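Coordinate inspection notes
Spelled out from the first residue to the last, the chains are:
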Amino acid sequence: MPHARRFRFGVQLHQPLPGLDWAGTARRVEELGYSTLFLPDHFGEQFAPIAAMAAAAAATERLKVGTLVFDNDYRHPVVLAKEMATIDVISEGRVEVGMGAGWMRSDYETSGIPMDEPRVRVDRLMEGVAVVKGLWGEDPVTLHGEHYRVTDLVGHPRPHSPGGPPLIIAGGSPRMLRFAGEHADIVGVNPSIHSGEIDADAARDGMADRMDRKVEWVKQGAGSRWDDLEINAWVPVVVLTDDARSVAEMVAPGFGLDPAHALDALESPMTMVGTAEEIAERLHERRERWGFSYHVVQNEAALELAPVVEALAGT
């Protein structure tokens, strides 16, 4: 049986909430009871994550700030380790750092950054994680790998907490999830996005039957660390409604489901659909089945989900 952590919630924002500036947005997210304000790391219509993280931390008192997730191909790990340690010190330990191998094809195409095959991107991420974690420690780091060459480098500043900020690694494939289980503090169990864009195949990979298998891969990587991990779900579909069936029928095609199986979409941890009470019941079921206790919603859905956050956060 998965270990049961207390619920907490995050919101991933691309830009300020309607009618607010960025500082006001961060304060509103904090007031609503969210644990963490996250930014993605893409080249489209969004704030740059590092500057926005620092500004949000400066505007708040308790709110954690982080990324879902830094694309390792865009950020040299020596630079990233220093930037994150700096914000961690300034915010007195309110940073969570997500790292990933990169997936959005349009980012690579528009920026001109080469998009290597998945195996190479994951190899590079694994080296990058070793560099970042090493530089958050006390000893000099030397790593002469296939992708990075770091020699006798001491990380500075020292992070607020020994060992550095919590590290989030998210993925959907066996290799990524075993690696996350072995090295992360927080594991995002996600669909695999093989095409480079979120499509029906990716959504189908977020269905309940696939999650059973994915959590097993995390456990295989974690071994005795399993009870120390926090399991995270990225939730793009959030609708508070008295008519969950109608919403399920609307979103079912996006999951590759026919109308007869529309309600199966509500079992996916990528959805929160129903009344506040129905959603709360589903989140308890997901925590019991898979260990999901940390749920992250997107943009204005943070306002819609507020009653659920108020009821469940910390329980």
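Above this note sits the structure.
No experiment lies behind these values; they were computed from the predicted model shown.

Our next topic: helix α1 (residues 22–31). Within α1, the full set of buried residues consists of W22, G24, T25, A26, V29 and E30. If you follow the buried residues of α1, they end up packed against β1 (8–12), β2 (36–39) and α2 (49–59). A side-chain oxygen of the first residue of α1 lies 3.4 Å from the backbone nitrogen of A23; this N-cap is D21. Looking one or two places after α1, you find G33, whose phi comes out positive at around 95°.

A few words on helix α8 (residues 208–222). Helix length check: α8, at 15 residues, gives a terminal C-alpha distance of 21 Å against a target of 21 Å (1.5 Å per residue), a fit within 8%. Residues of α8 that are buried include every one of A208, M211, K214, V215, W217, V218, G221 and A222, and no others. Seen along its axis, α8 keeps its buried residues to an arc of 155°; they face one direction. Contacts made by the buried residues of α8 are with α6 (174–183), β9 (186–189), β10 (230–235), α10 (276–290) and β13 (292–298). After α8 finishes, the residue G223 shows a positive phi value of roughly 55°.

In this section: unusual backbone geometry. At the junction of L68 and V69, the peptide bond is cis and its omega measures out at -20° in the coordinates. Here V69 is to be found in the loop between β3 (64–67) and β4 (70–71). With an omega of 0°, the peptide bond running from H156 to P157 counts as cis. Assignment of secondary structure puts P157 in the loop between β7 (149–153) and β8 (167–171). Unusually for a residue other than glycine, E92 sits at a positive phi of about 60°. Here E92 shows up in the loop between α3 (77–90) and β5 (95–100). The backbone of D152 sits at a positive phi, close to 50°, despite the residue not being glycine. Mapped onto the elements, D152 comes out in strand β7.

With that out of the way, let us pick up the packing of aromatic side chains. This model, assessed by the stated rule, comprises six aromatic pairs. Considering the side-chain rings of F7 and F9, the 6.4 Å spacing of their centres and the 25° angle between planes classify their relative orientation as stacked. Take F7 and F9: they sit in the same class, and that class is buried. Note on F43 and Y74: the rings are 4.6 Å apart at their centroids and 35° apart in plane angle, and the pair reads as tilted. Note that F43 is positioned in the loop between β2 and α2 and Y74 in the loop between β4 and α3, a separation of 31 residues in sequence. A relative accessible area of 41% places F43 in the partly exposed class.

What follows is about the environment of M84. Along the chain, the position of M84 falls in helix α3. Look at M84 and you get buried, because its relative accessible area is 0%. In sequence terms M84 and A54 are 30 residues apart; their C-alpha atoms lie 9.4 Å from each other. Residue contacts for M84: discarding those within four places in its chain leaves I50, M53, F70, V95, V97 and W136.

About the criteria used
- Residues numbered from 1 in each chain as written.
- Predicted model: local features only at pLDDT ≥ 70, side-chain atom pairs only at ≥ 80, totals over all residues.
- Heavy atoms only, no water.
- Buried < 20%, exposed > 50% of the residue type's maximum accessible area, 1.4 Å probe, protein only.
- Helix = DSSP H or I, 4+ residues; strand = E, 2+ residues; numbered from the N terminus.
- Contact = heavy atoms within 4.5 Å.
- Polar contact = N/O pair within 3.5 Å; in protein donor to acceptor, adjacent residues only side chain to side chain.
- Expected span 1.5 Å × (residues − 1).
- Arc of directions from axis to C-beta.
- Phe/Tyr/Trp six-rings, centres within 6.5 Å; stacked < 30°, edge-to-face > 60°.

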